Amino acid sequence: MKWTKLSLVAALAVSSAVAGGDIAPVEPVVEAPVVEAAACNSKTTINSKAVLYSFTTDGYGDLDWYKGDSSALGAAVTLDVAHKITDNVTANVTAVGFTNLTSSFDNPDVWNMFEGEETAAYLNIANITAAYGDTTFVLGRQLLDTPMVQSFDWLLAPGSFEAYSVVNKSISNLTLVGSYIEAYRANGLGTDFAEADGDNWTVGAAYSDAFDASVWYYNIDHSDYTQLYADTGVEVSGIKLAAQYVETDYDAGDDSTAYGIKAETTLAGFDLAAAYVKVEDATAGYLDWDGLYTSMWMTATSNTVGDNWMVSAATEFSGISASVAYADYEYENIGTEGGSEFDLVLGYGVTDCISLDAAYTITDYGTGDDEQVMELIATYKF
């Protein structure tokens, strides 16, 4: 459910993310939460939030609230804990507990949210982070944010990985990243971590100075492919220009090539963007979510074959953030004329601790049938 990227340089994200929102690329380090702890627990910091979430779709009936065949309502609490073991070693844990508040959970003809379970709790993040000089090691459950292996953020918590990661910044303006993945929890597919078969790893280098550039290599035995990703970008006269290239070599079946371009600028208080991505021969490989420029709130461009384009605009007025986007997709891989997606996303900060968000989408996944979805999210941080 991510339709915009604000940075060309994909980095390793090991900090916790806000449920229901985008996971923006961040510096590949673990930052302690800003909440001050009591003196007796000065080495432990805690952040927590409660979320009330409503999801309404016409994919199972009419787009009517409070009808059992089309709506679901849930509540969740997320607890982020960071404990500083030594000056260079930190333990990080994110615990998530949720419950489905609708009464028709056992009806197989009714759509239900929250990982396919009525009530559950699990640890989405549980790792040890150790820093030595310019090098950071992350061992355990963590979020990853690389272009083609990244944590997909929806509902309560982003998809996460059981992995071993290392990040080095010894060279000025250059970040080196490596991760070995043993298991992952795909968002929306349950609370258990599924073992990743074979060897699954990625190495990458990201440079940022007068221009941005990154190169990544993926070996994903779990899905039987290797992959090369590269992107670059520069700002010229207030316009950000970017290009990306993805080559996926499958052990069986046709290989895939994808390339894209993107332009972003700000005009009269509006952040404007336009992008084009071509996917050739076969769908591109990815885990959990992709970083192709035309991916949207509901649609991952890597699942398409053909010409894809996207336009978007975002602004803020009277304290309300608003963004609108439209994308057109080709689905040569399933033999249809194509699909599309329209997104309208609104956000309002009531106080520093309370926020309200809404997302309305109309999506055609290449079947010719539109699916409308309305999401409403209320978040209280405490």
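Some words on the overall build of the protein
Now for step 1: Along the protein, the regular secondary structure elements total zero helices and 19 strands.
Now for step 2: Per-residue burial over the protein gives 47% buried out of 382 residues.

Here we look at the pattern of salt bridges
When charged atoms on two side chains of opposite charge get close, those side chains can pair.
Now for step 1: One pass over the structure, following the stated rule, counts two salt bridges.
Now for step 2: One salt bridge connects glutamate 162 with arginine 141, and the closest N-O pair in it is separated by 3.0 Å. Of the two residues, glutamate 162 sits in strand β6 (residues 160-168) while arginine 141 sits in strand β5 (residues 135-142), which places them 21 residues apart along the sequence.
Now for step 3: Owing to a relative accessible area of 25%, glutamate 162 belongs among the partly exposed residues under this scheme.
Now for step 4: Between lysine 278 and aspartate 307 there is a salt bridge, with the nearest N and O atoms lying 3.4 Å from each other. Of this pair, lysine 278 sits in strand β14 (residues 270-280) while aspartate 307 is found in strand β15 (residues 306-317), placing the two residues 29 residues apart along the sequence.

Some details on a nonpolar patch on the surface
Now for step 1: Together, Val77, Tyr348, Val350, Ile354, Leu356, Tyr380 and Phe382 give the surface a local cluster of nonpolar side chains, amounting to about 620 Å² of exposed area.
Now for step 2: Inspection of the secondary structure puts phenylalanine 382 in the segment after β19 (371-381).

Describing the nonpolar core
Now for step 1: Ranked by size, the top nonpolar core spans 32 residues in total, and within it Met148, Val149, Phe161 and Tyr218 carry the most contacts.
Now for step 2: With residues near it in sequence (within four places) discarded, tyrosine 218 still touches Thr146, Pro147, Met148, Val149, Trp201, Thr202, Tyr225, Thr226, Gln227 and Tyr229.

What about the environment of threonine 266?
Now for step 1: Mapped onto the elements of the fold, threonine 266 is located in strand β13 (residues 256-267).
Now for step 2: Threonine 266 gets classed as exposed once you look at its relative accessible area, which sits at 54%.
Now for step 3: With 47 residues separating them along the chain, threonine 266 and alanine 313 place their C-alpha atoms 9.3 Å apart.
Now for step 4: A distance of 2.9 Å separates polar atoms of two side chains, one belonging to threonine 266 and the other to aspartate 271.

Some details on unusual backbone geometry
Now for step 1: Residues other than glycine seldom take positive phi values, yet aspartate 281 does so here, at roughly 75°.
Now for step 2: Position of aspartate 281 relative to the elements: it lies in the loop between β14 and β15.
Now for step 3: By relative accessible area, which is 60% here, aspartate 281 ends up exposed.

Some words on the packing of aromatic side chains
Now for step 1: Overall, the coordinates contain nine aromatic pairs when judged by the stated rule.
Now for step 2: With a centroid separation of 6.5 Å and 20° between ring planes, the pair formed by tyrosine 53 and phenylalanine 55 is classed as stacked.
Now for step 3: Owing to a relative accessible area of 1%, tyrosine 53 belongs among the buried residues under this scheme.
Now for step 4: Between the aromatic rings of tryptophan 309 and tyrosine 326, the centroid separation amounts to 5.7 Å while the plane-to-plane angle is 55°, which identifies the pairing as tilted. In this pair, tryptophan 309 sits in strand β15 while tyrosine 326 sits in strand β16 (residues 320-329), placing the two residues 17 residues apart along the sequence.
Now for step 5: Among the residues examined, tyrosine 326 registers a relative accessible area of 32% and is labelled partly exposed.
Now for step 6: Positioned above the aromatic ring of phenylalanine 193 is the side chain of arginine 141, whose terminal nitrogen or guanidinium carbon lies 3.8 Å from the ring centre.

Examining the pairing of β19
Now for step 1: Here strand β1 (residues 44-57) runs beside β19; their pairing, made up of nine bridges, is antiparallel. In the sheet register, leucine 52 faces β19, and the bridge partner there is alanine 378.
Now for step 2: Relative to β19, strand β18 (residues 354-364) runs antiparallel, the two sharing ten bridges. What sits directly across from alanine 359, in β19, is glutamate 375.
Now for step 3: Count of turn residues in the β18/β19 antiparallel hairpin: six residues, of which glycine 366 carries a positive phi of about 95°.

Observations concerning a negative patch on the surface
Now for step 1: On the surface, a cluster of negative charge is made up of Glu182, Glu195, Asp197, Asp224 and Asp251.
Now for step 2: Its relative accessible area of 42% is what places aspartate 224 among the partly exposed residues.

Some thoughts on the environment of valine 324
Now for step 1: Following the sequence through the fold, valine 324 ends up in strand β16.
Now for step 2: Classification of valine 324 by relative accessible area gives partly exposed; the value is 32%.
Now for step 3: Between the alpha carbons of valine 324 and valine 345 there is a distance of 6.5 Å; along the sequence they are 21 residues apart.

Points about the confidence of the model for the protein
Detailed reading of the predicted coordinates is not advisable wherever pLDDT falls low.
Now for step 1: Counting all residues, the mean pLDDT for the protein is 86, and 82% of those residues have values of 70 or more.
Now for step 2: Ignoring residues within four places in sequence, the model shows residues 1-37, a span with pLDDT below 50, making 128 contacts including any to other chains.

Here's the deal with the pairing of β1
Now for step 1: Of all 14 residues in β1, ten are buried, a share of seventy percent or more.
Now for step 2: Two elements, β1 and strand β2 (residues 71-84), share 13 bridges in a ladder whose sense is antiparallel. Among the inter-strand pairings, leucine 52 is bridged to a residue of β2, identified as alanine 75.

Considerations on the side chain of threonine 361
Now for step 1: Residue placement: threonine 361 occurs in strand β18.
Now for step 2: Aside from chain neighbours lying at most four places away, what touches threonine 361 is Trp297, Met298, Glu341, Phe342, Asp343, Glu371, Gln372 and Val373.

Focus: the environment of tyrosine 207
Now for step 1: Examined against the element boundaries, tyrosine 207 turns out to sit in strand β9 (residues 200-208).
Now for step 2: In this structure tyrosine 207 comes out as partly exposed when scored by relative accessible area, which is 26%.
Now for step 3: The sequence separation of tyrosine 207 and threonine 232 amounts to 25 residues, and the corresponding C-alpha distance is 9.2 Å.
Now for step 4: For tyrosine 207, the side chain forms a polar contact with the side chain of aspartate 209, separated by 3.4 Å.

The rules behind the values
Residues numbered from 1 in each chain as written. Predicted model: local features only at pLDDT ≥ 70, side-chain atom pairs only at ≥ 80, totals over all residues. Heavy atoms only, no water. Helix = DSSP H or I, 4+ residues; strand = E, 2+ residues; numbered from the N terminus. Buried < 20%, exposed > 50% of the residue type's maximum accessible area, 1.4 Å probe, protein only. Salt bridge = Lys/Arg side-chain N within 4 Å of Asp/Glu carboxyl O. Patch = residues over 30% accessible without salt bridge, like charges linked within 9 Å, V, L, I, M, F, W, Y side chains within 5 Å. Areas by Shrake-Rupley, 256 points an atom, 1.4 Å probe, with all protein chains shown as cover. Core = buried A, V, L, I, M, F, W, Y, C linked by side-chain atoms within 4.5 Å. Contact = heavy atoms within 4.5 Å. Polar contact = N/O pair within 3.5 Å; in protein donor to acceptor, adjacent residues only side chain to side chain. Phe/Tyr/Trp six-rings, centres within 6.5 Å; stacked < 30°, edge-to-face > 60°. Lys NZ or Arg CZ within 6 Å of the ring centre and 35° of its normal. Pairing = 2+ DSSP bridges. Lys, Arg positive; Asp, Glu negative; His and termini not counted. Charge placed at Lys NZ, Arg CZ, Asp CG, Glu CD. pLDDT = per-residue confidence, 0-100.

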